[in-house]
Amino acid sequence: MFSVTRSLRLQSSALSRHLTTVVNSEESLTKIIYEGMNQNADVTVKDISGGCGSMYDVQVASSLFKGMSKVKQSRMVQDLIKKEIGAMHGLTLKTKAL
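First, a word on what this report is: a plain description of the structure on this page. (Residues numbered from 1 in each chain as written. Predicted model: local features only at pLDDT ≥ 70, side-chain atom pairs only at ≥ 80, totals over all residues. Heavy atoms only, no water.)

### Quick notes on the side chain of Ser54
Inspection of the secondary structure assignment puts Ser54 in the loop between β1 (42–47) and β2 (55–62). Setting aside anything within four residues of it in sequence, one finds Ser54 in contact with Asp47, Ser49, Met88, His89 and Gly90. (Helix = DSSP H or I, 4+ residues; strand = E, 2+ residues; numbered from the N terminus. Contact = heavy atoms within 4.5 Å.)

### Comments concerning the side chain of Asp47
With respect to the helices, strands and loops of the structure, Asp47 is situated in strand β1. Of the side chains with opposite charge, Lys46 comes closest to the buried, unpaired Asp47, at an N-O distance of 12 Å. In this structure the side chain of Asp47 is engaged in a polar contact, spanning 2.5 Å, whose partner is the side chain of Ser49. (Buried < 20%, exposed > 50% of the residue type's maximum accessible area, 1.4 Å probe, protein only. Lys, Arg positive; Asp, Glu negative; His and termini not counted. Salt bridge = Lys/Arg side-chain N within 4 Å of Asp/Glu carboxyl O. Polar contact = N/O pair within 3.5 Å; in protein donor to acceptor, adjacent residues only side chain to side chain.)

### Topic: the pattern of salt bridges
Side-chain pairing between opposite charges can occur once the charged atoms of the two side chains come close. If you walk through the whole model with that rule in mind, you get 1 salt bridge. Of the charged contacts in the structure, one is a salt bridge between Asp57 and Lys94, with a shortest N-O distance of 3.8 Å. Of this pair, Asp57 sits in strand β2 while Lys94 sits in strand β3 (residues 90–97), and the two are 37 residues apart along the sequence.

### What about the environment of Leu98?
With respect to the helices and strands, Leu98 occurs in the segment after β3. It is 4.5 Å that separates the C-alpha atoms of Leu98 and Ser63, two residues lying 35 residues apart in sequence. Here Leu98 is in contact with Asp42, Ala61, Ser62, Ser63 and Lys66, once residues within four sequence places are set aside.

### Structural notes on the nonpolar core
Here is a general trend for soluble globular proteins: nonpolar side chains tend to be buried in one another's company. Counting 13 residues, the largest nonpolar core has Ile33 and Val60 as the members making the most contacts within it. Among the elements of the structure, α1 (2–36), β1 and β2 are those that each provide at least two residues to this core. The element best represented in this core is β2, accounting for 3 residues. Apart from the residues lying within four places of it in its own chain, the contact partners of Val60 are Ile33, Met37, Ala41, Asp42, Val43, Phe65, Val77, Lys94, Thr95 and Lys96. (Core = buried A, V, L, I, M, F, W, Y, C linked by side-chain atoms within 4.5 Å.)

### Describing the sheet that holds β1
Spatially, 3 strands are ordered β1-β2-β3 in an open sheet, and the strand pairing comes out mixed. The two strands at the open ends of the sheet, each matched to only one other strand, are β1 and β3. Here the strands of the sheet are splayed against their neighbours by 10° on average, with no regard to which way each runs. Packing of helix α2 (residues 70–80) onto the sheet brings it into contact with β2 and β3, and relative to β3 it is tilted by some 125°. (Pairing = 2+ DSSP bridges. Axes fitted to C-alpha atoms, helices over the stretch in contact; angles between N-to-C directions.)

The structure is reproduced here in structure tokens:
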């Protein structure tokens, strides 16, 4: 019984750390984009991987995008999170000029 209880506690602890990492990743991506755009953006980041933190839906709306093509808007955001993208399995990115 001791080993089963201990195993469940360890699994629960690992799950808790994993979920904290996912939330921190969402918050981290949001902060990187928001600060990289001089705090002039509405940024929404959601983990769409089912909780493993490997796929994100990122939506960014900013007046900085005004007059830019969608491709340039996307590249601007991708450049900000280039390092983080390397650790992802997928990314959905939507941008909008305000």
